[in-house]
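Chains, contacts and geometry: an overview
Read off the chains here:
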Amino acid sequence: TPIGGRVSLSDLPLREDLRGGTPYGAPQLDVPVRLNTNENPYPPTPELVADVVAAVAEVAGELHRYPDRDAVALRTDLAAYLAASTGVPLTHRNLWAANGSNEIIQQVLQAFGGPGRTALGFEPSYSMHPIISAGTRTDWLPAPRRADFSLDTAKAAEVVAERRPDVVFVTSPNNPTGQSVPTAELKALLDAAPGVVVVDEAYAEFSSRESAITLLDEYAGKLIVSRTMSKAFAFAGGRLGYLAAAPAVVDALLLVRLPYHLSALTQAAARASLRHADQTLGSVATLSAERDRVAAALADLGFAVVPSDANFVLFGRFSDARAAWRSYLDSGVLIRDVGITGHLRVTIGTPEENDAFLAASAEVER
Ligand code: PMP
């Protein structure tokens, strides 16, 4: 046993509300085909790698100093990217960045949620929304989706008006189900919400729908759009998430962020990666086409496939999803059991990976 190993979790003076909880835990297994965490399957190009290395080498000589606490250069680059892709003239004052959009969500809940406050989300959705709510002691209010997993926004607006949560989460496209919410429908929710509405657009680049960023001016102070470089940007290991909102929202987050939370290395690497945005995002079209191919092939095999606007597909039905997940793993294909009865989620990989997944799907017990 390691030093201190005789003490177990239940021996610790842990907060009561954290006792018995389960940590986020997508398995990280070394198998040939990994299609379980919605990453971009294409590694950075040699040119991008060289640019990251050069950018990191440049800041390495300054590592005795703290980084730019406000990451202004990076936020300026992110604003330029979003402005170009949405047509909304954002500046760095509309942008905030952190170590993954998980940290963005945590900072939002630290500022707008917390003890005595509530956050509401439409389940099934991204499992970290309730987990980060718990960590910040924000009471979680689960609200339903339709049986087909789409969001009934009229009903959702009624629930929001009735429960009056301080924070509402709308994931669009939704993880793990894949559908996105049209901006016209989001308005009903925004009108009903008394607090802030976080539209989690982690997978926005894979969707053909308009971004909620186009509503930012109309709903300034209420709407927060979170994004990440982990998916389409193929930068999951770099840890860079960001949000677009009114400058006052950024001012609020400054009150809760840890000073120097974004390392100089992260800022430099993210900026280098953003310089290759056009090239990296070129994979999005390939992945969307592969998603449609995989969805059609699954349907041909007789599976029920939930329509997806993202880089993953939820499908079923299995009489025992856990056993089916195991059987995929035994064939060398790691996908995700997201805890939805009878369903599994597969991330879209390279054509070869998708073929391996489809071959396993033809064999799997339903
Ligand atoms: N939001 C959603 C909907 C996600 O699926 C994920 C990643 N699984 C995240 C946020 C967080 O990603 P990251 O912290 O890597 O930006």
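A quick note: this is a predicted structure, and the numbers were derived from the prediction, not measured. (Residues numbered from 1 in each chain as written. Predicted model: local features only at pLDDT ≥ 70, side-chain atom pairs only at ≥ 80, totals over all residues. Heavy atoms only, no water.)

A short note on the pattern of salt bridges
Overall, the coordinates contain 13 salt bridges when judged by the stated rule. Measuring nitrogen to oxygen at the nearest pair gives 3.2 Å for the salt bridge that ties Glu218 to Lys187. Linking Glu218 in the loop between strand 6 (196-200) and strand 7 (223-228) with Lys187 in helix 6 (residues 183-192), this pair joins segments that are 31 residues apart in sequence. Here Arg322 makes a salt bridge to Asp337, at a shortest N to O gap of 3.2 Å. Of the two residues, Arg322 sits in helix 10 (residues 321-330) while Asp337 sits in the loop between strand 11 (333-334) and strand 12 (343-347), which places them 15 residues apart along the sequence. With relative accessibility at 47%, the residue Arg322 sits in the partly exposed group. Connected through salt bridges with shared partners, the residues Glu201, Glu205 and Arg227 form a single ionic network. (Salt bridge = Lys/Arg side-chain N within 4 Å of Asp/Glu carboxyl O. Helix = DSSP H or I, 4+ residues; strand = E, 2+ residues; numbered from the N terminus. Buried < 20%, exposed > 50% of the residue type's maximum accessible area, 1.4 Å probe, protein only.)

Considering the sheet that holds strand 9 (residues 304-305)
The strand order across the open sheet formed by 3 strands is 9-10-12, and the pairing between neighbours is antiparallel. Edge strands, defined here as strands with exactly one partner in the open sheet, are strand 9 and strand 12. With 2 bridges joining them, strand 9 and strand 10 (residues 312-316) adopt antiparallel strand pairing. Each bridged residue has a counterpart across the sheet, and for Ala304 the counterpart in strand 10 is Gly316. (Pairing = 2+ DSSP bridges.)

Let's talk about the UniProt feature "domain: Aminotransferase class I/classII large" (unreviewed entry) in the protein
Sequence positions flagged by UniProt for "domain: Aminotransferase class I/classII large" (unreviewed entry) are, in local numbering, residues 33-359. Helix makes up 41% of residues 33-359 and strand 16%. Its end C-alpha atoms lie 12 Å apart. (UniProt positions renumbered as here; feature names shortened; annotations may be inferred.)

Looking at the nonpolar core
A general feature of soluble globular proteins is that nonpolar side chains tend to end up buried together. Judged by nonpolar contacts, the single largest core of 84 residues is most densely connected at Phe122, Leu240, Tyr242, Phe315, Tyr328, Ile335 and Phe357. Ranked by residue count, the leading element in this core is helix 9 (residues 277-300), at 6 residues. Excluding residues within four positions of it along the chain, Phe122 makes contact with Ala143, Pro144, Arg145, Leu151, Ala156, Val160, Val168, Phe169, Val170 and Leu189. (Core = buried A, V, L, I, M, F, W, Y, C linked by side-chain atoms within 4.5 Å. Contact = heavy atoms within 4.5 Å.)

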